[in-house]
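Reading the structure
One-letter residues, chain by chain:
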Amino acid sequence: MVFLAMKRILFSILVAIAAVSCVGQLDDDEPDVGGGSTEVSEGAGIILDFTATWCVNCPRMHEAIEQAQAARPGKVIPISVHFQDQMMCDDGKELIDRFEVAAYPTVIANMDAKSLTTATSAELLLARLDAAASSKKPCAVEGQLQADGTLTVSVTAQEAAGYTLSVALLEDGIVAAQTGATENYVHNNVFRGFLQERLWGDSLGFLDAGVPVTRTYTVPDYGTKQYRVVAFVCHDGIVNAAWASGQN
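Residues numbered from 1 in each chain as written. Predicted model: local features only at pLDDT ≥ 70, side-chain atom pairs only at ≥ 80, totals over all residues. Heavy atoms only, no water.

On to the environment of Leu124. Here Leu124 is to be found in helix H4 (residues 122-133). For Leu124, a relative accessible area of 1% corresponds to the buried category. The spacing of Leu124 and Ala68 is 56 residues in sequence and 9.2 Å in space, taken between C-alpha atoms. (Helix = DSSP H or I, 4+ residues; strand = E, 2+ residues; numbered from the N terminus. Buried < 20%, exposed > 50% of the residue type's maximum accessible area, 1.4 Å probe, protein only.)

Structure below.
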């Protein structure tokens, strides 16, 4: 009986130790994938990368995003939204306010606020993309960018519903000092603003399945800077499909 009692006491102690060891275990090096699927989601997804030149850990997030892109070529489209540095823009500040971003770096997958994380992990980013994609309505978006800066975007829904279209202007190759990296750090995917009329996307109305619709935009100063565009379609505020004119 004494032996049995001692076993019970030892078991209780071990359980207590295990419980304590789990508290606060989650950090940037051991991210929780949040139950997201590890399978490759269909179509490309958007990663909003909230960053800044004064942010010491932001280069680590850039590396994680590049690793996620390498793992899924053409399926991960980053948009780097800068805060309180020379690359900050008005539409970027609106995004920061909308998602109440309070730490840098922070990423959000497919415009889904529930996916917000500060963990610098490619595995976690892909899991967040998959989780945000789980409720997608099938949709396709394609773009054609002409040498004169004329952009034509075609959207085809596979399920009848209401959709919105957003077009983000990005710039690559900006050299600026980055805390935590170098004085000549090259910043890519820098968000310069939206091209659509309405900040959170132009309404495409209720689309019938299989019937394509097109919209035309003009990219300002195209050809004079390293500009690219990203077009993405949303339903209920969540990205369903995305297309980019080029990837890094």
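That was the structure; now back to the text.
We now examine H4. Taking 1.5 Å of rise per residue, the twelve residues of H4 would be expected to cover 16 Å, and the 17 Å separating its terminal C-alpha atoms lies within 8% of that figure. Of all the twelve residues making up H4, ten are buried; the element is thus mostly covered by neighbouring parts of the structure. Taken as a whole, H4 has its buried residues at Ala122, Leu124, Leu125, Leu126, Ala127, Arg128, Leu129, Asp130, Ala132 and Ala133. Looking at where H4 begins, the residue whose side-chain oxygen comes 3.4 Å from the main-chain nitrogen of Glu123 is Ser121. (Expected span 1.5 Å × (residues − 1). Polar contact = N/O pair within 3.5 Å; in protein donor to acceptor, adjacent residues only side chain to side chain.)

So, about the nonpolar core. Ile46, Leu48, Phe50, Ile79, Phe191 and Phe232 are the most contacted members of the largest nonpolar core, which totals 29 residues. Aside from chain neighbours lying at most four places away, what touches Phe191 is Ile79, Ser80, Val81, Met87, Cys89, Asp91, Gly92, Leu95, Ala168, Leu169 and Leu170. Membership of the second largest hydrophobic core comes to 21 residues, among which are Leu151, Tyr217, Tyr227 and Trp243. (Core = buried A, V, L, I, M, F, W, Y, C linked by side-chain atoms within 4.5 Å. Contact = heavy atoms within 4.5 Å.)

To continue, consider the confidence of the model for the protein chain. Per-residue pLDDT for the protein chain has a mean of 84; in total, 81% of the residues score no lower than 70. Per-residue pLDDT stays below 50 along residues 1-41; that stretch engages in 31 contacts with residues further than four places along the chain or on separate chains. (pLDDT = per-residue confidence, 0-100.)

If you walk through the whole model with that rule in mind, you get five aromatic pairs. With a centroid separation of 5.6 Å and 65° between ring planes, the pair formed by Trp54 and Tyr104 is classed as edge-to-face. On the criterion of sequence distance, the pair formed by Trp54 in the loop between strand S1 (45-51) and helix H2 (58-71) and Tyr104 in the loop between helix H3 (90-98) and strand S3 (106-109) is long-range, its members being 50 residues apart. Residue Trp54 is classed as partly exposed on the basis of its relative accessible area, which comes to 40%. In this arrangement the basic side chain of Arg98 is found over the ring face of Trp200, its NZ or CZ atom lying 4.3 Å from the centre. (Phe/Tyr/Trp six-rings, centres within 6.5 Å; stacked < 30°, edge-to-face > 60°. Lys NZ or Arg CZ within 6 Å of the ring centre and 35° of its normal.)

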